[in-house]
Every structure is written in C-alpha cells, then in structure tokens.
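Examining the three-dimensional arrangement
Each chain is listed here by its residues.
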Amino acid sequence: MTEAGGEAGRPTTEVTRTHGARLRLARQARGLSQQQLAGVAGVTRQAVSAVESGHSDPSLRVALALAGALGMAVEELFGPGDPADPVLARPVAAASRGGARVVLATVGDTFVALPLHADMAARVGFGVAGGLVVGASPGPDPIDPIEVRPIGPPRPTLVVAGCDPALPLLETPLALLDPPIAFAWWPCGSGEALRLAAAGLVHAAGVHQPGGEREAGQATEIPGGAEVVGFAAWREGLVVRPGTRVRGLDDVARQRLRLVNREAGAQARTLLDRECARLRLTPAELPGYDSQAAGHLQVAAAIAGRLADAGVSSEPAALAYGLDFLPLASEQFDLVLPAKHAASREVQGLLKVLTSPWLLAQLASLPGYDPASCGMLRDQWP
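Residues numbered from 1 in each chain as written. Predicted model: local features only at pLDDT ≥ 70, side-chain atom pairs only at ≥ 80, totals over all residues. Heavy atoms only, no water.

For the rest of this paragraph, the subject is unusual backbone geometry. Here Asp 178 and Pro 179 are connected by a cis peptide whose omega angle stands at 0°. Mapped onto the elements of the fold, Pro 179 is located in the loop between helix H6 (171-175) and strand S9 (182-187). In this structure, Arg 280 is a non-glycine residue whose phi angle is positive, near 55°. Structurally, Arg 280 can be placed in the loop between helix H9 (267-279) and helix H10 (296-304). Backbone geometry places Arg 306, a non-glycine residue, at a positive phi of 60°. (Helix = DSSP H or I, 4+ residues; strand = E, 2+ residues; numbered from the N terminus.)

Looking now at the packing of aromatic side chains. Inspection of the entire model under this criterion finds 2 aromatic pairs. When the centroid spacing of 6.1 Å and the interplanar angle of 70° are considered together, the rings of Phe 231 and Phe 333 count as edge-to-face. Within this pair, whereas Phe 231 is found in strand S11 (residues 226-240), its partner Phe 333 is found in strand S14 (residues 324-338), the two being separated by 102 residues in sequence. Consider the rings of Trp 234 and Phe 333, whose centres lie 6.2 Å apart with planes at 25°: the pair is stacked. Of the two residues, Trp 234 sits in strand S11 while Phe 333 sits in strand S14, which places them 99 residues apart along the sequence. For Phe 333, a relative accessible area of 0% puts it in the buried group. Site record: aromatic cluster; members linked through ring pairs are Phe 231, Trp 234 and Phe 333. (Phe/Tyr/Trp six-rings, centres within 6.5 Å; stacked < 30°, edge-to-face > 60°. Buried < 20%, exposed > 50% of the residue type's maximum accessible area, 1.4 Å probe, protein only.)

This brings us to the packing of helix H2 (residues 34-41) against helix H4 (residues 60-70). As a packed pair, H2 and H4 sit with axes 8 Å apart at the nearest point and diverge in direction by 105°. Considering the angle they form, H2 stands roughly perpendicular to H4. Facing Leu 37, Val 40 and Ala 41 of H2, the residues of H4 in contact are Ala 65, Leu 66, Ala 69 and Leu 70. (Axes fitted to C-alpha atoms, helices over the stretch in contact; angles between N-to-C directions. Parallel < 35°, antiparallel > 145°, perpendicular 65-115°, else oblique. Contact = heavy atoms within 4.5 Å.)

To continue, consider the pairing of S9. Within a regular strand, side chains alternate between the sheet's two faces. Counting buried residues in S9 gives 5 out of 6 residues, a clear majority hidden from the surface. Examined bridge by bridge, strand S8 (residues 157-162) and S9 share 6 bridges and lie parallel to one another. Bridge assignment links Leu 158 to a residue of S9, and that residue is Phe 183. (Pairing = 2+ DSSP bridges.)

What follows concerns the pairing of strand S10 (residues 204-210). Where burial is concerned, most of S10 is hidden: 7 out of the 7 residues are buried. Judged by which residues are buried, S10 turns out to be covered on both faces: Ala 204, Gly 206, His 208 and Pro 210 on one side and Ala 205, Val 207 and Gln 209 on the other are all buried. When S8 meets S10, the two strands line up parallel, connected through 2 bridges. Paired with Ala 161 across the strands is Ala 205, a residue of S10. In this structure, S10 lies alongside S14, joined through 6 bridges in antiparallel fashion.

Take a look at the structure:
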C-alpha cells in the first residue's frame, strides 16, 4: 500500500476520481496549496497529489488527517456522491444571477468562472457548464468573487482569452492528450485579454500585433513576466458585401453606410480609428460607430445579414461569409503566456498541441490563415 492508500498500479476508477475532485475542491475553496495542506495534515505533498489526481484512494490514516486539516468529516470528504459544495470563483465578467450557468476552471490555485451567455452560450449548440451561480445579488463590484456550485468534478481546463475564432481548434488535440485537458475560450479583444492575464484569470491571452510589432496600447504589464508564442498570421481590413461600391472607409462615410464596430480595446477598433485619423473622419460621419460586435465572425455575420453595411474584421472571417475584403494591415496573432503558469499541466499541454500536425493542418485549411508561426517562441512580455 502507498501512503495515499491505493495499491501500486491500481487503475483509476470513477470513485477515486470523484474523491480526488472533492479533495481538490475543498482545498482550493480554503485557499490552500497542496504543500500547505500536506503540512497541516502531516502527510507528504505526493500523497495529496496522488489522491487529487485520482491515482489512488487515501489510507485511513491519510483520510483522517486530510479531513481534520480541512475541518470536514471523513464521510463528507471521501463518502459517496458528487462534489456539490459551492466554491468561491473569480468571474472574467459579471455573472451575478442565481442559477446562471458558467464554465468552472482553475488557473493556478484560483477558481475562475466564465459566464455562459450570448456568444459564449451557443457555439452552434449550448456549451457544457461546469457549475451554477449561487445567490442572486452581485457584490459592490460586478466581478467580485461569486459562489458557484460545481456540476460534477471540475477537470483540468486550459483557459484562453482572445478574439481569433480559430482558437477553439485547440479543443480537439487537447482532449486527445493523456491525460486529457479541457478547453475554455473567452472571446474578447486584445486589451481585455491582457487585462485578464494580468489579473491571473486566464492561462493565455491572445493579442494582435500588426506586422509582428507590438502596439503602444498593448504595454499591459503581466506580473512575473510572460512569453509570447505564435499562433497564426492573417490580414485585417474593411469588410463589405459583394457589389458594394466601396474602395475605402471614405466611401463608407460619403455614402452614409452603416458600420458595425468592435469594443474598445479590440485591435479592429484601433485599426478603424487609425484609418479615421488618416482620412480625417470623425465618428459622427460613420453611422453605427458606437455599435459593438463581440468578434471577427460576428462583424462578418452582421454584414452578411444586412444588419450593417461595413466593418473592420479579419480576412478569414470575410471569406467564411463570402464577403469582399479590402486589406488595411497584416496581423500576427500571438498567445501571451504568464510565467507563473508556465509549468502548469494546462500550459504545457498547450505548447505541445501548438506544434501538432493536426492543428497545423486545420489552420492551413482555413482560407486567409498562415500557421507558419504556430508554436514558435517569438518574444518576452513586456
């Protein structure tokens, strides 16, 4: 018998996985690292790790020690049933409604919640939730920690923020790793992605870098520093329906065509503002300037659906909807990986799949994408 209690070579079962998930939830809900819990319980960190990973059940001595250290009964910690006690999670955006569905993941030793609403709720069909928000009243700040009741044991999950609609392609190769890693994507502009990385809420932040050069507005400091790894390159520009007599943003303004814009901090909006400055146009001359679409595909969908006439988006998004594209800039889309998560299983899995032949072939199959930089270490941040 090992200290954790399981026989050497004993196969992982659903019961041991459930016990491990419940121990991990209880430990993280109390803000303890594996080493800290081991010290309080008087066991080795390896014993805690073996139980949490589902590799073995604890011996009676270890079970009693862990339960006592966590202030729980042994039956409560290692008895039958699914983990259901609420945990404190930091939301990446406001999620205050009781019963709201969220993706629940851990980044380091912190639980994070990604609200499943709008585009996050429906990627063709409804996304899988990891938990439900408990209570109905937000705190003073809409992104204060919230209580989430897990739906089943949380899984190791790579959390990525960014606007490139090709990012969900990471889900398949991550799921094929041994052991597998789940994937959670928070679609947002470069500025917001960097803010979430700096706050410790994501493992990776996706950013545009025109021509491979960092924008002045992207100087967000990541505590502890970060590495920059390539994902793909593509062009960004003005998107219009076929047959529209538009050769530039000045034609959009002159014809009073309706624009669909992106949120502040998005590189597409920065590029639009730069073009406005070059042409000496003001927002008042562009109907729809104050609109906000959540991503490249959403901009293209609004134009294809005749909800707008023009917008700035990526060439792959324009091609996917059969729209005309007028290039304004070549973009490098990179992943910023905070150093404090570099050794995590999730980030190591990401680095492995970024160079997988499957992912490279998928990116190459998308019109407008150049995957030559995928997986390449490009820079240090900042």
